[in-house]
Amino acid sequence: MTGRESPEAAGFEPATGAETVPVAGTPERAAAVRDAFEALLRIRDVVNSGAGDPRATPAEWEWMRMVRAVALALEAAGVPPSALDERGQRTATGYCVTAGDHPRVVRVEWPGPRGSGAAHEAERALHGCARVLGELGWVVLEYRGRGGRRYLEVEAPSTIRR
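This text gives an overview of the structure that appears in the document. (Residues numbered from 1 in each chain as written. Predicted model: local features only at pLDDT ≥ 70, side-chain atom pairs only at ≥ 80, totals over all residues. Heavy atoms only, no water.)

## Some details on the overall build of the chain
The line we're drawing: Strands are runs of DSSP state E lasting at least two residues, helices are runs of H or I lasting at least four, and both sets are numbered from the N terminus onward. Accessibility here uses a 1.4 Å probe with only protein chains present; expressed as a share of the type maximum, an area under 20% marks a residue as buried, one over 50% as exposed, and anything in between as partly exposed. Working definition of accessibility: Shrake-Rupley area with a 1.4 Å probe, residue cover restricted to the visible protein chains.
A tally of regular secondary structure across the chain gives four helices and six strands. Taken from the N to the C terminus, the helices and strands of the chain come in the order α-α-α-β-β-β-β-α-β-β. Expressed as a percentage of the 162 residues in the chain, the buried residues total 42%. Of the roughly 8800 Å² of accessible surface on the chain, 49% is carried by carbon and sulfur atoms.

Here it is in structure tokens:
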């Protein structure tokens, strides 16, 4: 990556937790995640240069591609992504980032394989996800869905021009 490219332009895909092949765990992946996240922070430095702390507010690139940006932030923080097998069954416990029910809102869940105890880990794990995202300027709200399953809704702060 040259420093001028966005993580997207460089062909990098952050783990959303819906991949059928585990993407984490190799030194090459760790380096790619680190490079992509550093590029995202450089984008913030440039486009948010008038702010007190340019890195504390999502850049336009991020809120236009929120699933990617939120997934990148979580992966860069070392939060494990979930994964699926070829049949769509969960094979790993971790975050899963999807588009939300409303524009410019993403949903973060903590799924895992059947019997993994992911639902019991969800509160603690999602609080960790919320902390990571909140420190990066995202607005994070926790909800309970069907069956009392916890999830987060993430959006850009209202101070961002849209």
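On we go from here.
## Details of the sheet that holds strand β6 (residues 150-155)
Cut-off, in case you're wondering: Criterion used throughout: strands pair if DSSP finds at least two bridges between them. For helices, the fitted line uses only the C-alpha atoms of the stretch in contact; every axis is such a line through C-alpha atoms, and the angle between N-to-C directions lies from 0 to 180 degrees. Here, two residues are considered to be in contact whenever any of their heavy atoms come within 4.5 Å of each other.
Within the open sheet, the four strands sit side by side as β3-β4-β6-β5. Their pairing is antiparallel. Looking along the sheet, the strands with just one partner apiece sit at the ends: β3 (96-99) and β5 (139-144). Strand-to-strand twist of the sheet, defined as the mean angle between neighbouring strand axes without regard to direction, takes the value 25 degrees. In this sheet, strand β4 (residues 105-109) lies alongside β3 in antiparallel orientation, the contact comprising four bridges. The partner of Thr 98 across the bridge, within β4, is Arg 107. Where helix α4 (residues 118-135) meets the sheet, it contacts β4, β5 and β6, and its direction lies at approximately 10 degrees from that of β6.

## Some points on α4
The α-helix advances 3.6 residues per turn, and as a result positions three or four apart in sequence lie on the same side. Quick note on the threshold: Here a helix's expected span is defined as the number of its residues, less one, multiplied by 1.5 Å.
Compared with an ideal rise of 1.5 Å per residue, which puts 18 residues at 26 Å, α4 spans 24 Å between its outermost C-alpha atoms and is within 8% of the ideal. Turning to α4, its buried residues number three or more, namely Ala 118, Ala 122, Ala 125, Leu 126, Cys 129, Ala 130, Val 132 and Leu 133. Here the buried face of α4 lies against α3 (66-76), β4, β5 and β6. Where α4 ends, the next residue or the one after it, Gly 137, has phi of about 95 degrees, a positive value.

Everything listed here is a matter of geometry and, on its own, says nothing about what the molecule does.
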